[in-house]
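Reading the structure
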Amino acid sequence: MRLRDRLRHKAKSVLRTLNTCTNPNTMDDQVAPNSSKQHSFVDKRKRRTVVKTAINVGHKFLVLLVRWFLKMIYGEHGQKMPPIRNLILMESASSLAQKIRTRKLTSVEVTEAFIERCKEINPLLNCVVDQCYKAALSDAQKADKLIASETLTEEQLATEKPFLGVPISTKDCIRVKDLLHTAGIWKRRSIRGEKDARAMELMRKAGAIPFALTNVSECCMWWESTNTIHGRSRNPYDTNRIVGGSSGGEGAIQAAAGSPFGLGSDIGGSIRMPAFFNGIFGHKPSRHVVSNDGQYPEAICDEQDMFLGIGPMCRYATDLKPILRIIADENAKKLRLDETVDLKQVRFFFQQNDGGGLLVSPVDLDIRDAMEKVMAHFRSTVKADVRKVYLDKMRLSAPIWFGNMKNKEEISFDSQLDNLEGKINPYVELLKWIVGQSNHTFVGIMTAITERKGIQYGTEKYHYMVKQRNELLQEMNSMLGDNGVFIYPTHPTAAPYHNEPLVRALNFSYTGIINVLGLPATAVPLGLGREGLPIGLQVVANVNQDRLCLAVACELERAFGGWVAPEVLA
C-alpha cells in the first residue's frame, strides 16, 4: 500500500475512533438521568477519553509524517553487510570454548577471526569504540599454552574456566581495565577503566578474553546509540535504522558476527531493545542477582539498583545460561539454573499490546502474528496451558517507570552530563546545539530541560505510581507463581529510522515496566519481518525464575530459527 493510501486509511480509522469516543451512545458509562453526580463523573471520563484520543490521533499523524520524511531522506534500504567468510564466526561461544579446550581450534585462531571481522564491519556499523586487540591475542596465546600444558583436564577446564580462550565484548559503561569508560558523556571522553567491573572480572576468571568495547547512547539514557564522542551506530540489517540503546553497539556487533558474546546492562530495556532490533538474544536478570559494580552511571539509590541489571547478549540461546551462571556468582544458586525445565508443566500467559498507552505506538502486525504462532506452537507441541490475559495497568507503563525512577537523593541529569563535577546549562547548550557547537546530543539536552517537568519524588502522583507498580507486581506474582511465563512484545515496532525515536519516545515502556517490577526477561528473536528487519518478543518470569525464560528461549530458537544473518553484499 502506498504511503498516501496508508495516510488516508489511517485518517479514516482514527476519525471513526474519535467519533466513537465523543458519541454518548457508544460509551459504556450509561447512568440514570436524575443522577447529577454520576453524570458529572461520566462527563469527566468522556472529556479525558476525548483528549487522550485526540492526542493519540495527532501523534499517529506526526509519526506517519516523520516516517515519510525520513524515508525520503534515507531511501528504501541502507548499505549491506560484508559476507561472513570464516565459519568460526558462525559458532556459539559455548561451542568455541569446547573446541578450544579439546584442541580442535586454538584461542589465537578464534580471537584473530573476530578481530578481523570487527575491522571489516566497523567502518559500516560504527559499533566498536575501543579495543585491546594486541592484549587479547597475548591472552589467547596464554590460554593455548595452558591447554597444551595439560595442567588441567578437559573436565576441569569446562568446570573452572568454561569460556577459556573465547573473546568477549561489552558496552562502554561497563568498566574494562585499560579501555575507555565514557558512557557516551563528553567530559568522560578520556577516562579509562582502572580495573574490570565485577561482571567482567568474573567472565575473565572464567577464561573469557575482553577484546572490544561497544557504543552507547549519551549517559546510557536513550534508546538510540549515539553520542558526541563516538557518533551513531548503525543496524546490520539496514544501516538507515537504529541499533537501539543503550547497549546498541553491543547488539550490532553480535548481529554482525563481530563477537561471540557480550555483556549489556538494562534499566529500561537497554539489553532487550538492542537485542530485539538486532535479532539476537538478551537477558535481563532478576533484581539483585548480578552485581552492578563497575557501571557508570551508577544507580542513585537502592531501588534504582534493583531496576538496573547486567546480563548476557549473544546470537545463540544456549549461551545465555552459562554466562548468567558465571556473572550471578554466589547468587546463581537462587536461580536453580541446573534444574531441568519441563515445558509441559509451564503455564503460558500472553498479552499482545499494552492496552493503549498514551503516545505509545500500536504493535506491528508482524509482531502480533509472530506471537500467535508462538502460542500455537506451545499449544500443539507441548500441550501447554496457554492463556490470553489483559493486565490493564500496562497502559500506564511509561508513567509508572518515570515515577518509580524518582528518588529522594536524585542526581539531576544536567549534572550527570557534566560528570557530576557541576551542571550544564541546558538552555545554553540547546542554543549551541542549533549552531553545531554543543558537546551534547539533542536528546541529552532536552532530557535535562524536561526532567523536572514530570512526576516529582514525594508528590501525590509519585505515591500513586508507586502504588500502581506494587499492585501490578502483585498481579504478576499471583499470575506467574513459580511455573508461569508472560509473553509480551519487546517493542511495538521493528527498528525505526535514525532519529525517529524522537517522535516515538515512550515506546521503551514495553521493556521499562519489567525493570521497575524487578522481574527477569529474555528478548527472543523470531526471524525477519516484512521490512527485512528483526522481530521478536520478550519472555518474562517471576523473580529468580530466570531458568524458565531461558528454557522458553531455547525452545523458540529450536522452533523458529533464532538469529538470522544479515543480508550481505552480492
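Residues numbered from 1 in each chain as written. Predicted model: local features only at pLDDT ≥ 70, side-chain atom pairs only at ≥ 80, totals over all residues. Heavy atoms only, no water.

Moving on, we come to the overall build of the chain. When you go through the chain residue by residue, the secondary structure sums to 20 helices and 13 strands. The globule rule puts the C-alpha radius of gyration for 570 residues at 25 Å, and the 24 Å found for the chain is close to it. Taking all 570 residues of the chain together, 58% fall into the buried category. Long-range contacts, defined here as pairs at least 24 residues apart, represent 76% of the contacts in the chain between residues at least 6 apart. On the chain, roughly 24000 Å² of surface is accessible, and the fraction owed to carbon and sulfur atoms is 52%. Mean positive and mean negative side-chain charge positions of the chain (75 and 62 charges, respectively) differ by 6 Å. (Helix = DSSP H or I, 4+ residues; strand = E, 2+ residues; numbered from the N terminus. Rg over C-alpha atoms; globule rule 2.2 N^0.38 Å. Buried < 20%, exposed > 50% of the residue type's maximum accessible area, 1.4 Å probe, protein only. Contact = heavy atoms within 4.5 Å. Areas by Shrake-Rupley, 256 points an atom, 1.4 Å probe, with all protein chains shown as cover. Lys, Arg positive; Asp, Glu negative; His and termini not counted. Charge placed at Lys NZ, Arg CZ, Asp CG, Glu CD.)

This paragraph deals with the pattern of salt bridges. Per the counting criterion, the structure on display carries 32 salt bridges. For Glu500, the salt bridge is made with Arg67, and the minimal N-O distance between the two is 3.1 Å. Of this pair, Glu500 sits in the loop between strand E11 (484-488) and helix H19 (509-517) while Arg67 sits in helix H2 (residues 36-74), and the two are 433 residues apart along the sequence. With respect to class, Glu500 is no different from Arg67; both count as buried. Note that Glu471 is salt-bridged to Lys467, the shortest N-O span being 2.6 Å. (Salt bridge = Lys/Arg side-chain N within 4 Å of Asp/Glu carboxyl O.)

For the rest of this paragraph, the subject is helix H5 (residues 133-149). Taking 1.5 Å of rise per residue, 17 residues should cover 24 Å, and H5 covers 24 Å from first to last C-alpha, within 8% of that figure. Those residues of H5 that sit buried are Tyr133, Ala136, Ala140, Ala143, Asp144 and Ile147. All buried residues of H5 project into a common sector of 95° when viewed along the axis, lining one side. Exposed residues on H5 whose side chains face more than 90 degrees from its buried face are Lys134, Lys142 and Lys145. Looking at the buried residues of H5, the elements they touch are helix H3 (93-101), helix H4 (107-125), strand E1 (128-131), helix H6 (154-160) and strand E3 (209-214). After H5 finishes, the residue Glu150 shows a positive phi value of roughly 60°. (Expected span 1.5 Å × (residues − 1). Arc of directions from axis to C-beta.)

A general trend in soluble globular proteins is that nonpolar side chains are found buried together. Met203, Phe261, Leu263, Phe378, Met476 and Phe486 are the most contacted members of the largest nonpolar core, which totals 150 residues. For this core, the element with the most residues is H4, which contributes nine residues. Among all residues touching Phe486, those that are not within four sequence positions of it are Phe349, Phe350, Gln351, Val389, Leu391, Met394, Met476, Met479, Leu480, Gln538, Val539 and Val540. Listed in part, the 11 residues of the second largest apolar core include Ile280, Ala494, Ala523 and Leu533. (Core = buried A, V, L, I, M, F, W, Y, C linked by side-chain atoms within 4.5 Å.)

A word on the pairing of strand E2 (residues 167-171). In terms of burial, E2 is a largely internal element, five of the five residues being buried. Both faces of E2 are covered, namely the face carrying Pro167, Ser169 and Lys171 and the face carrying Ile168 and Thr170. Pairing of E2 with E3 involves five bridges; the strand directions are parallel. Of the residues in E3, the one forming a bridge with Thr170 is Leu213. (Pairing = 2+ DSSP bridges.)

Let us look at the sheet that holds strand E7 (residues 281-284). Strand order in the open sheet made by the 11 strands is E1-E3-E2-E6-E8-E7-E12-E13-E11-E9-E10, with mixed pairing throughout. Looking along the sheet, the strands with just one partner apiece sit at the ends: E1 and strand E10 (385-388). If you compare each strand with its neighbour and ignore which way they point, the axes differ by 25° on average. Relative to E3, H4 is tilted by about 10°, and along the sheet it contacts E1, E2 and E3. Packing against the sheet, helix H11 (residues 320-328) makes contact with strand E6 (261-266), E7, strand E8 (309-314) and strand E12 (521-528), and its axis sits at approximately 150° to E8. (Axes fitted to C-alpha atoms, helices over the stretch in contact; angles between N-to-C directions.)

Following the criterion strictly, the structure yields 15 aromatic pairs and no others. Here the aromatic rings of Trp433 and Phe442 are separated by 4.8 Å at their centres, their planes lie at 40°, and the arrangement is tilted. When the ring centre of Tyr296 is taken as origin, the NZ or CZ atom of Arg188, which lies over that ring, is 3.8 Å away. The aromatic ring of Trp563 is capped on one face by Arg315, whose charged end is 4.9 Å from the ring centroid. (Phe/Tyr/Trp six-rings, centres within 6.5 Å; stacked < 30°, edge-to-face > 60°. Lys NZ or Arg CZ within 6 Å of the ring centre and 35° of its normal.)

To continue, consider the confidence of the model for the chain. Close inspection of predicted coordinates is inappropriate for parts of the model with low pLDDT. On average, residues of the chain score 93 in pLDDT, and 92% of them are at 70 or above. Throughout residues 9-33 the model reports pLDDT below 50, and contacts reaching past four residues in sequence, or to other chains, amount to 29 contacts. (pLDDT = per-residue confidence, 0-100.)

Next up on the list: a nonpolar patch on the surface. Together, Leu65, Trp68, Phe69, Met72 and Ile73 line one region of the surface with nonpolar side chains, adding up to about 540 Å² of accessible area. Relative to the helices and strands, Trp68 resides in helix H2. (Patch = residues over 30% accessible without salt bridge, like charges linked within 9 Å, V, L, I, M, F, W, Y side chains within 5 Å.)

Take the pairing of E7 next. Taking every second residue as pointing to the same face, both faces of E7 are buried, with Phe281 and His283 on one and Gly282 and Lys284 on the other. Bridge analysis of E7 against E8 gives two bridges, and the strand direction is antiparallel. By the bridge assignment, Gly282 is partnered in E8 with Met313. In the sheet, E7 pairs with E12 via three bridges, with the strands oriented antiparallel. Across the sheet, Gly282 pairs through a bridge with Ala523, a residue of E12.

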